[in-house]
Amino acid sequence: MAASPSVVPMAAPVMPVLSSSSDFSNLREIKKQLLLIAGLTRERGLLHSSKWSAELAFSLPALPLAELQPPPPITEEDAQDMDAYTLAKAYFDVKEYDRAAHFLHGCNSKKAYFLYMYSRYLSGEKKKDDETVDSLGPLEKGQVKNEALRELRVELSKKHQARELDGFGLYLYGVVLRKLDLVKEAIDVFVEATHVLPLHWGAWLELCNLITDKEMLKFLSLPDTWMKEFFLAHIYTELQLIEEALQKYQNLIDVGFSKSSYIVSQIAVAYHNIRDIDKALSIFNELRKQDPYRIENMDTFSNLLYVRSMKSELSYLAHNLCEIDKYRVETCCVIGNYYSLRSQHEKAALYFQRALKLNPRYLGAWTLMGHEYMEMKNTSAAIQAYRHAIEVNKRDYRAWYGLGQTYEILKMPFYCLYYYRRAHQLRPNDSRMLVALGECYEKLNQLVEAKKCYWRAYAVGDVEKMALVKLAKLHEQLTESEQAAQCYIKYIQDIYSCGEIVEHLEESTAFRYLAQYYFKCKLWDEASTCAQKCCAFNDTREEGKALLRQILQLRNQGETPSTEMPAPFFLPASLSANNTPTRRVSPLNLSSVTP
């Protein structure tokens, strides 16, 4: 049975030299550990973990010759299996996995046994991917499975029960369990792997992919090691706990990892996640200068360029990555974004499909392809793409949000509400999710809930400047004229205070309503100011002129302005054409619509 995550596992570390403390004071010792684990993971074909360790080690100062660590000692079992391991590793490196496993069969050393089992696992994965690409389109729900998984689970389970698995063996056992959708058992085994071999980044990363919320994280009994800080920073980023993540990364930079390209890229991704686009772009541009041939995270960089409609920069990035490696998943996604920005959606979808043929579990490509199918009005294909994205990573709020939008187009508000709620749970402070929820509640005639959502969207920082307008229209609908006026005035104040140029019709809508509201209140100066602003917009010009004539007529007839009906509060001074002061009262109490 797998060890419970709340209990420290009984298995002892195979190599004591690989234990790591939580102290960052001795960076030389950390560098030695990183160089050692980079070599050990490379020997076992765990290339991504090896690369991560090597990059991190490179960011630390070089060690003098006297302090360089010798390779770990060779055991008697290693010596006996050396010839078979050397041959099999050569076959493994050229992706002849079955051949590698054949020559490793019967080997007893830990290293050779891991490579034997890992070769069998990768052989099954390769056959599954080949069959998927050959027989199925990327959007079809294939039932192709890795046939080797069940056999591997049985064999590794026996070894695990006998406590014969080292840290690498536990990692592989956890991967097999995860692939078989045995999530709880996989988490237990990965936690055990981090205790036995805390320096192996791959085990931490796999564990990261299985944690769905912060509560789940609290119940894990993780080793007290400096690697845990990297893990926590990564999982906080994944869980959208961006402030905590940025604080962790800043701490890591302060202790000596300031030159780490991995940390710099993760900080850029964190700023991307909170939509601080300028900051994220600045960091990515700096990262490109430091590491011009880097491809990791460049698809995220291209998302930022896409949002800012920076065509020339996105074109340069796409051409540059094509020269480096045109068949990398990230390169295909960047090219797809480039074509999408040029509104060539069929070509964009083709490149996202190409990315998925290269890696069917690449999250970003599924989500982006869903967006493209939405642009092409192919809702069924978009739904399939978003569902695939959720299967890969249930924490992807973009996929949940995309599904909500798709069902909104299909006029299925109850489905739509479910998916928007899921997106909101993942991004509770994202105003776009709250506005979408509010619109959904409005369609379902749940107006109180809709008001709560719009007000909350405004309170958390409305990025699209639409929440107040929608809230005002709801108040209009419910004939709550004072509340509607207050929302419109606050909307106008916000726009003018941040200096945005509004290109939609809502500004004119706000001024038209306020002009009519002040007119009914017999506040001629305020009504006149708003009516004059209406004349600046094509759709409200005639109404504004008509209202100005009515106000002039009433003034000429000696109609006195009211002193009883208060205006909600000041209009911005810059809006008043003749600088006529407006009355002010305390803001209306909106506590009844605050969640």
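Just so we're clear, the structure is a prediction, and the values are computed from it rather than from any experiment.

The rules behind these values
Residues numbered from 1 in each chain as written. Predicted model: local features only at pLDDT ≥ 70, side-chain atom pairs only at ≥ 80, totals over all residues. Heavy atoms only, no water. Helix = DSSP H or I, 4+ residues; strand = E, 2+ residues; numbered from the N terminus. Buried < 20%, exposed > 50% of the residue type's maximum accessible area, 1.4 Å probe, protein only. Contact = heavy atoms within 4.5 Å. UniProt positions renumbered as here; feature names shortened; annotations may be inferred. pLDDT = per-residue confidence, 0-100. Patch = residues over 30% accessible without salt bridge, like charges linked within 9 Å, V, L, I, M, F, W, Y side chains within 5 Å. Areas by Shrake-Rupley, 256 points an atom, 1.4 Å probe, with all protein chains shown as cover. Salt bridge = Lys/Arg side-chain N within 4 Å of Asp/Glu carboxyl O. 1 Å grid on protein atoms, 1.4 Å probe; cavity = no way out; pocket = protein on both sides within 12 Å on 5 of 7 lines; lining within 4 Å. Points joined across faces, edges and corners; volume = space filled by probe spheres on them. Nonpolar A, V, L, I, M, F, W, Y, C, P; charged D, E, K, R; others polar. Expected span 1.5 Å × (residues − 1). Phe/Tyr/Trp six-rings, centres within 6.5 Å; stacked < 30°, edge-to-face > 60°. Axes fitted to C-alpha atoms, helices over the stretch in contact; angles between N-to-C directions. Parallel < 35°, antiparallel > 145°, perpendicular 65-115°, else oblique. Left-handed = near helix turned anticlockwise from the far one by under 90°.

S.K.: Any chance you could explain the overall build of the chain here in plain terms?
M.R.: Across its full length, the chain holds 29 helices and 0 strands. A total of 595 residues make up the chain; the buried ones form 52% of that total. For the chain, contacts bridging at least 24 residues in sequence account for 59% of all contacts bridging at least 6.

S.K.: Teacher, can you tell me more about the UniProt feature "repeat: TPR" (unreviewed entry) in the chain here?
M.R.: With numbering matched to this structure, UniProt assigns "repeat: TPR" (unreviewed entry) to residues 329-362 and 363-396. Regarding residues 329-362, the helix share stands at 79% and the strand share at 0%, and the terminal C-alpha atoms are separated by 8 Å.

S.K.: Got a minute to help me understand the environment of Tyr 271 in this structure?
M.R.: Here Tyr 271 lies in helix 13 (residues 261-273). Setting aside anything within four residues of it in sequence, one finds Tyr 271 in contact with Leu 246, Asp 276, Lys 279, Ala 280 and Ile 283.

S.K.: Sorry if this is basic, but what is going on with the confidence of the model for the chain here?
M.R.: Note that predicted coordinates carrying low pLDDT should not be read in detail. Summarising the model, the chain shows a mean pLDDT of 84, and 86% of its residues fall at 70 or more. Predicted confidence is poor over residues 135-142, with pLDDT under 50, and the contacts of this stretch with residues over four places away or in other chains come to 15 contacts. Of the regions scoring below 50 in pLDDT, residues 565-595 engages in 69 contacts with residues more than four places distant in sequence or in other chains.

S.K.: Hey, could you run me through a nonpolar patch on the surface in this one?
M.R.: Side chains of Leu 35, Leu 65 and Leu 68 sit close together on the surface and give an oily, nonpolar patch of about 320 Å² of accessible area. Position of Leu 35 relative to the elements: it lies in helix 1 (residues 27-43). According to the relative accessible area criterion, Leu 35 is partly exposed, its value standing at 39%.

S.K.: Can you help me understand unusual backbone geometry in this one?
M.R.: Glycine aside, negative phi is the norm for most residues, and most peptide bonds take the trans geometry. One non-glycine residue, Ser 309, lies in positive phi territory at about 55 degrees. Its location among the elements puts Ser 309 in the loop between helix 15 (298-307) and helix 16 (311-325).

S.K.: Is there a simple way to explain the side chain of His 234 in this structure?
M.R.: Mapped onto the secondary structure, His 234 falls in helix 11 (residues 226-238). Judged by relative accessible area, which is 11%, His 234 ranks as buried. Not counting residues up to four positions away in its chain, the partners in contact with His 234 are Trp 201, Leu 205, Cys 208, Tyr 249, Tyr 262 and Gln 266.

S.K.: Explain the layout of surface pockets here, please?
M.R.: Which parts of space are left empty comes out when a probe the size of a water molecule is rolled across the atoms. In this structure, the second largest pocket spans a volume of roughly 920 Å³. Of all the secondary structure elements, the ones that give two or more residues to the lining of the second largest pocket are helix 12 (242-257), helix 22 (413-426) and helix 24 (447-461). The element contributing the most residues to the lining of the second largest pocket is helix 22, with 3 residues. Broken down by class, the residue content of the lining of the second largest pocket amounts to 11 nonpolar, 7 polar and 11 charged.

S.K.: Help me understand helix 13, please; the structure alone is not making it clear to me.
M.R.: Residue pairs three or four apart in sequence face the same way in an α-helix, which turns once every 3.6 residues. Taking 1.5 Å of rise per residue, 13 residues should cover 18 Å, and helix 13 covers 18 Å from first to last C-alpha, within 8% of that figure. In terms of burial, helix 13 is a largely internal element, 13 of the 13 residues being buried. Downstream of helix 13 by one or two residues, Arg 275 has phi in the positive range, about 60 degrees.

S.K.: Help me understand the packing of aromatic side chains, please; the structure alone is not making it clear to me.
M.R.: Each aromatic ring pair is summarised here by two numbers: the centre-to-centre distance and the angle between the ring planes. The tally for this structure, following the rule as stated, stands at 29 aromatic pairs. The interplanar angle of 75 degrees and the centroid separation of 6.1 Å between the aromatic rings of Trp 201 and Tyr 262 together place this pair among those described as edge-to-face. Remark: Tyr 262 occurs in helix 13 and Trp 201 occurs in helix 9 (residues 201-210); sequence separation between them is 61 residues. When sorted by exposure, Trp 201 lands in the same class as Tyr 262, which is buried. A ring pair is formed by Tyr 513 and Tyr 517, whose centres lie 6.5 Å apart and whose planes are at 10 degrees; its orientation type is stacked. Of this pair, Tyr 513 and Tyr 517 both sit in helix 27 (residues 506-520), 4 residues apart, which is roughly one turn of that helix.

S.K.: What's the story with the packing of helix 24 against helix 25 (residues 467-477) in this structure? I'm lost.
M.R.: With their axes 8 Å apart at the nearest point, helix 24 and helix 25 run at an angle of 150 degrees to one another. As summarised for this structure, helix 24 and helix 25 are arranged roughly antiparallel, according to the angle between their axes. For the pair helix 24 and helix 25, the crossing hand works out as left-handed. Taking contact as the criterion, the partners of Leu 447, Ala 450, Lys 451, Tyr 454, Trp 455, Ala 457 and Tyr 458 in helix 24 are, on helix 25, Ala 467, Leu 468, Lys 470, Leu 471, Leu 474, His 475 and Gln 477.

S.K.: How should the packing of helix 20 (residues 379-392) against helix 21 (residues 397-409) be read in this particular structure?
M.R.: The geometry of a pair of packed helices is captured by two quantities: the angle between their axes and the separation between those axes. The contact between helix 20 and helix 21 brings their axes to 9 Å, and the two run at 160 degrees. By the criterion of interaxial angle, the relationship of helix 20 to helix 21 is roughly antiparallel. Where helix 20 crosses over helix 21, the handedness of that crossing is left-handed. On helix 21, the residues that touch Thr 379, Ala 382, Ile 383, Tyr 386, Arg 387, Ala 389 and Ile 390 of helix 20 are Arg 398, Ala 399, Trp 400, Gly 402, Leu 403, Thr 406, Tyr 407 and Ile 409. Of the residues assigned to the contact of helix 20 with helix 21, the class counts are 10 nonpolar, 3 polar and 2 charged.

S.K.: I tried to follow the environment of Ser 258 on my own but got confused; where do I start?
M.R.: Take Ser 258: it is sitting in the loop between helix 12 and helix 13. Overall, the relative accessible area of 45% leaves Ser 258 in the partly exposed class. A sequence separation of 198 residues divides Ser 258 from Leu 60, and the C-alpha atoms of the two residues are 8.7 Å apart. Beyond its immediate stretch of four places on either side in the chain, Ser 258 contacts Ile 253 and Val 264.

S.K.: Could you clarify how one ought to interpret the pattern of salt bridges in this entry?
M.R.: One side chain can pair with another of opposite charge once the charged atoms of both are near each other. Scanning the model with the defined rule gives 28 salt bridges in all. Close ionic contact of Asp 93 with Lys 89 constitutes a salt bridge, the shortest N to O distance being 2.7 Å. Separated by 4 residues within a single helix, Asp 93 and Lys 89 lie in helix 3 (residues 76-93), roughly one turn from each other. As a salt-bridge pair, Arg 427 and Asp 430 come within 3.2 Å of each other at their nearest N and O atoms. There is no split in this pair, since Arg 427 and Asp 430 are both buried.

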